Amino acid sequence: MALTVLTLRSLDAEHRISCPLLGSLTLGSSAECDLRFEGVGILPKHCVFYRTSERTFQIIGVFAAAQFSVNDVISSELEVNVPFKFGIGGEVFEMDLVEDQDALPEEKWEVAETGTKSENTAENAAPAAGPRTSRRGYLLKPITLKPRGGERLGEVILPPAPPPEAVVAQAPAALSLLTPESASPSALGQKEAMEEAAQTNSQREEEGASSLLTAGLLICGVMIAAIVYWPQHLDRMFEGRSVVTEKPQEVLREVPAEERVRACQDLLRLGAPVLAAQMLMPLAENGNLKAMQQLALALRSTGSFGEEIVVLLQQAVAGGRLEALADFVSVVDDPENPARYSESAFRQLQLAADLGEKSAWMPLGERYEHGNGIQPDIKLALAAYEKAREAGDKRAAGKLSAKQEALECVAAYLRSWNEVSVAKLLEQVAAGQGKFFMLDHPSLEVLLRLEEEMRARWPVRRISVAAGANAEVETFDQIKVTQPFQFEVQRGERIARGKGLLVCSVQRDVEDHWRITGASDKIELSEMLPGKEQFVSATSLHELKPAFTQAEQVEECRLEILEQMRGLEATEDFKPALTVVMNAVYEFPQETFWQPFADNLCDRMARQLFMYGKWLDVSWTEPVHQLAERGSISAMLLEGHLHAAGYGCPRDAARSLAMYQKAFEAGKRRDARFYYAEALFQGNGVPQDVEKAGALVLAFMSRSKHPLEAYLAAHLLWRKAEHDPALWQEVYDSLSRVATQFPPAKNLAGMVLLNHGQNIRERKTGFAAIKAAAEEGVVEAMKNLSQCYLEGVACEKDANQATFWKQKALVTEPPRRRHYTEFGEP
């Protein structure tokens, strides 16, 4: 059996009401509602239940403020399958459908909460449960089931004809619904029967019928007429059933088409597009233009898009219904329309525009812009957008504002040339995409350097935007801007004045910001002071330079190097400084002003190499080699370090020693002497030459306070002290001077005291120095300390400590090598 009865279960009661397929129920506090509740927050007409399928209800709030909950979800419109929990006014009901056999077959029931007990409560109400003190006040009132007379036809309950007195009293227009046949004797007999029925029911509580209920009754009559009109549907739906022959529509005349369309518009507003579409189809098939329009809107409201929606609206427009033009444009440009960008869609939009529909100009402009259904044409797109803007379309205003935004972007870029910093360039330029002045696809780094060079060349700049700017739209994301400007630049006594023309390609990026992707300028000089010969002729402001003398050029280059060397200690990127130094070397081969800068740079690079074992870019070894070839002592030493480490070049101990020797012989610098002597003493990869190393070191470094020099001198003295014990004091003195700065020297000094101390106190002092060096991470000190604990030298024997320090020495990485300049300049 069909499920046609909706049950409402609360904690203490169950109520039932008929709800056939495609039927609806109104909930609220008004007496006219199918389900009546009273309380705070419940509107007279709160919401409507539409049964859209066998087990599905669509629940729609009549007003935006009408809130309810379904399965604990608060909403004002949703679709749900039974069973579900429905909450209203603080009470929750369990909703479900039951079979027809559980309902009263001849009556439609309404659940309502009344202010006082109704007279028919006892005979009509469902068995009442005991009172609950926890329920809200309005739910404590008795719930009555009020029968509404009617006759069931299939799944539809036909309302009875109202008594004549009520018809006359409520609306004179209702008398016009009586057909001429209703005035016949049989109709008069029916009238008398109706009067008698009215007198019988006069003792019952009267209810006012709302306009919505009246429209619903009219809709039911139209549906029945549709069933009669289509016998095939009638045969399929009522096969095997006995149809009641006495139908209420005999007292109703056929509802006019205009009223049926208006009723369907109400259904659309209430969210019942399927029901509205079923009622509109016969009217649309008969050529009713308004019905075609509303049927298309109803079909679109169902959530799916079909070609028939466009066809219906196009037929309505072609038939002369201009009111459908706006809807026609809307569905043609609907994002779900598969033919949205086709040629046919373009023709449909053009038709709407020709008929005077202003909303068609915006989508037409988009078709012209992107070439959808038509060849791209920016001029026609601009014209369409202009008409759309006149019609009030904000999107068109946004499109047309692109020209102004591009002009403002170029003007801001031009004004930024007056600023000292180039930081704003990062917000205005997209580098690497086009040609900037004389550079083709420059990186942002190169472009920033170009701007900085112009600022350094002309410390004083006065550049202003002139009138006559023009924007040529290539696409609405790519615009070519021509901006005139005037300028005055100055360096010392040199002043240049003139005018120019800046041409920029401006493009909109993904973040909707306009950025310059290419730029070029052309200038005309009107005045050059003190004379033309003081300037280098140029056609671009970025190429305009003062004509420097040799001395001025050297000073200019020196200042540029000094600028790049600023903050060198804090940076790891040596490329900019290397570049300007190498430029000075090539530009002024006979000058030596660049050598102190080159030595400072190479020492900084050597410290970076000693600390991390690498640079950001291994290719920097080539400019280092070039500087070494041109006489930079620090570059020679750095090249020796590179060959010793095998970084950026093959490992070559002999080449390393040769570079150290070359550096020492070139300038006799102390750091060069140290690295040359150290290489001879260690003999890594080359024959060891202790005697030559001693000759280089002992006469100059035995009393040095530089940690590396003192440590190397102590090693050489150690060898001599093994044959001449009187030298042990000199070894200790050399190491003690730098022990606090250099932990390996502390370890070596401790070993001197431990092995050659004159008393227990000196040996214990030596043990303490070794332990301190071990704790500071000197691996050799850890090994020495382990041996002391193992043999009990200057300490108590402790096998655990001996094992601990031995294992720690095995897992500890040796300290990194320290560069000579870390302890001060050579």
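Since we're looking at a predicted model, the values are computed, not measured.

**A look at the overall build of the protein chain**
Tallying secondary structure elements over the protein chain gives 31 helices and 24 strands in all. For the protein chain, the proportion of its 826 residues judged to be buried stands at 45%. Contacts in the protein chain between residues far apart in sequence, at least 24 positions, make up 56% of those at least 6 positions apart. As displayed, the protein chain has an accessible area near 42,500 Å², and 52% of this comes from carbon and sulfur atoms.

**Some words on the environment of Leu-289**
Here Leu-289 lies in helix 9 (residues 289-301). Here the alpha-carbon distance between Leu-289 and Leu-313, two residues 24 residues apart in the chain, equals 8.7 Å. If we skip the residues at most four places from it in the chain, Leu-289 touches Gln-315, Ala-316, Gly-319, Gly-320 and Arg-321.

**Some details on helix 19 (residues 575-587)**
Relative to the 18 Å expected for 13 residues at 1.5 Å per residue, helix 19 spans 18 Å between its end C-alpha atoms, a close match to the ideal helical length. Where the residues of helix 19 are buried, they touch helix 18 (550-565), helix 20 (595-612) and helix 21 (621-629).

**Considering the sheet that holds strand 8 (residues 73-75)**
Read across the open sheet, the six strands follow the order 2-1-11-10-7-8; overall the sheet is antiparallel. Both outer strands of the open sheet, strand 2 (14-18) and strand 8, are each paired with one neighbouring strand and no more. Each strand axis lies, on average, 30 degrees off the axis of its neighbour in the sheet, ignoring direction. Pairing of strand 1 (residues 3-9) with strand 2, which is carried by five bridges, proceeds in the antiparallel orientation. Across the sheet, Leu-8 pairs through a bridge with His-15, a residue of strand 2.

**Description of the state of the cysteines**
Throughout this description, disulfide means a covalent bond between two cysteine sulfur atoms. Under the counting rule described, the total for this entry stands at zero disulfides. Free of any disulfide, Cys-504 has its nearest cysteine sulfur in Cys-409, 7.9 Å distant. Under the relative-accessibility criterion, Cys-504 is labelled buried at 1%. Left without a disulfide partner, Cys-795 is nearest to the cysteine sulfur of Cys-788, which lies 5.7 Å away.

**As for unusual backbone geometry**
The step from Val-82 to Pro-83 runs through a cis peptide bond, and the omega angle for that step is -5 degrees. Mapped onto the elements of the fold, Pro-83 is located in the loop between strand 9 (77-81) and strand 10 (84-88). The amide bond that connects Leu-529 to the next residue, Pro-530, takes the cis arrangement and shows omega of 0 degrees. The topology assignment puts Pro-530 in the loop between strand 22 (514-529) and strand 23 (535-536). Backbone geometry at Phe-437 places phi at a positive 55 degrees, although glycine is not the residue there. Inspection of the secondary structure puts Phe-437 in the loop between strand 16 (435-436) and strand 17 (439-440). Judged by its relative accessible area of 8%, Phe-437 is buried. The backbone phi angle of Asp-512 is positive, close to 65 degrees, even though this residue is not glycine. Within the secondary structure layout, Asp-512 lies in the loop between strand 21 (494-508) and strand 22.

**Side note on the confidence of the model for the protein chain**
Confidence in the prediction for the protein chain averages 80 pLDDT; 81% of positions are at 70 or higher. Across the protein chain, the secondary-structure element scoring lowest on mean pLDDT is helix 2 (residues 137-140), at 28, and the one scoring highest is strand 18 (residues 460-465), at 96. Residue range residues 102-211 is modelled with pLDDT below 50. Its contacts to residues more than four positions away, or to other chains, number 165 contacts.

**Focus on the environment of Ala-31**
Looking at the secondary structure, you find Ala-31 in the loop between strand 3 (24-28) and strand 4 (35-36). According to the relative accessible area criterion, Ala-31 is partly exposed, its value standing at 32%.

**Digging into helix 15 (residues 394-415)**
With 22 residues, helix 15 ought to run about 32 Å at 1.5 Å a step, and its terminal C-alpha atoms sit 31 Å apart, in line with that. Where helix 15 bends most, the angle comes to about 35 degrees, and this point is Ala-402. Every buried residue belonging to helix 15 is among Ala-396, Leu-400, Ala-402, Ala-406, Leu-407, Cys-409, Val-410, Ala-411, Tyr-413 and Leu-414, and all of these are buried. Near the N-terminus of helix 15, the side chain that reaches the backbone nitrogen of Arg-395, with its oxygen 2.9 Å away, is that of Asp-393.

**Here's the deal with the packing of aromatic side chains**
According to the stated counting rule, one finds 27 aromatic pairs in the structure shown. Their ring planes at 20 degrees and their centres at 5.8 Å tell us that Tyr-660 and Tyr-675 sit as a pair that is stacked. Here Tyr-660 is found in helix 23 (residues 653-667), whereas its partner Tyr-675 is found in helix 24 (residues 670-682), with 15 residues between them in sequence. Across the pair, exposure class does not vary: Tyr-660 and Tyr-675 are buried alike. Pairing Phe-767 with Tyr-789 gives two aromatic rings, centres 5.6 Å apart and planes at 85 degrees, and the pair type is edge-to-face. In this pair, Phe-767 is assigned in helix 29 (residues 760-775) and Tyr-789 in helix 30 (residues 779-791), connecting sequence segments 22 residues apart. Residue Phe-767 shares its accessibility class with Tyr-789, and that shared class is buried. Note that Lys-668 overlies the ring of Phe-664, its terminal NZ or CZ placed 5.2 Å from the centroid. The ring centre of Phe-700 lies 3.7 Å from the NZ or CZ of Arg-673, which sits over that ring.

**A closer look at the side chain of Ser-634**
In this fold, Ser-634 is placed in helix 22 (residues 633-645). Relative accessible area serves as the criterion here: at 2%, Ser-634 is assigned to the buried category. Within the structure, the side chain of Ser-634 is placed 3.0 Å from the side chain of Asp-603, a separation counted as a polar contact. Not counting chain neighbours up to four residues away, the residues in contact with Ser-634 comprise Asp-599, Cys-602, Asp-603 and Arg-669.

**Observations regarding the nonpolar core**
The biggest cluster of nonpolar side chains holds 92 residues, and the ones touching the most others in it are Ile-561, Trp-615 and Leu-627. Sort the elements by how many residues they give to this core and helix 26 (residues 707-721) lands first, with nine residues. Apart from residues no more than four positions distant in its own chain, Leu-627 is found in contact with Leu-578, Val-581, Met-582, Val-585, Trp-594, Ala-598, Cys-602, Ser-632 and Ala-635. Leu-283, Val-422, Cys-504 and Ala-519 belong to the second largest nonpolar core, which has 91 residues in total.

**Things to note about the pairing of strand 21**
Across 14 bridges, the pairing between strand 20 (residues 478-491) and strand 21 is antiparallel. In the strand pairing of strand 21, Ile-479 is matched with Val-506. Where strand 20 folds back on strand 21, the antiparallel hairpin that results is connected by two residues, among which Gly-492 adopts a positive phi of roughly 65 degrees. Judged from the 14 bridges that link them, strand 21 and strand 22 form a sheet pairing that is antiparallel. Bridged to Gln-507 within strand 22 is Arg-515.

About the thresholds
- Residues numbered from 1 in each chain as written.
- Predicted model: local features only at pLDDT ≥ 70, side-chain atom pairs only at ≥ 80, totals over all residues.
- Heavy atoms only, no water.
- Helix = DSSP H or I, 4+ residues; strand = E, 2+ residues; numbered from the N terminus.
- Buried < 20%, exposed > 50% of the residue type's maximum accessible area, 1.4 Å probe, protein only.
- Contact = heavy atoms within 4.5 Å.
- Areas by Shrake-Rupley, 256 points an atom, 1.4 Å probe, with all protein chains shown as cover.
- Expected span 1.5 Å × (residues − 1).
- Pairing = 2+ DSSP bridges.
- Axes fitted to C-alpha atoms, helices over the stretch in contact; angles between N-to-C directions.
- Disulfide = S-S within 2.5 Å.
- pLDDT = per-residue confidence, 0-100.
- Bend = angle between axes of the 7 residues up to and from the residue.
- Polar contact = N/O pair within 3.5 Å; in protein donor to acceptor, adjacent residues only side chain to side chain.
- Phe/Tyr/Trp six-rings, centres within 6.5 Å; stacked < 30°, edge-to-face > 60°.
- Lys NZ or Arg CZ within 6 Å of the ring centre and 35° of its normal.
- Core = buried A, V, L, I, M, F, W, Y, C linked by side-chain atoms within 4.5 Å.

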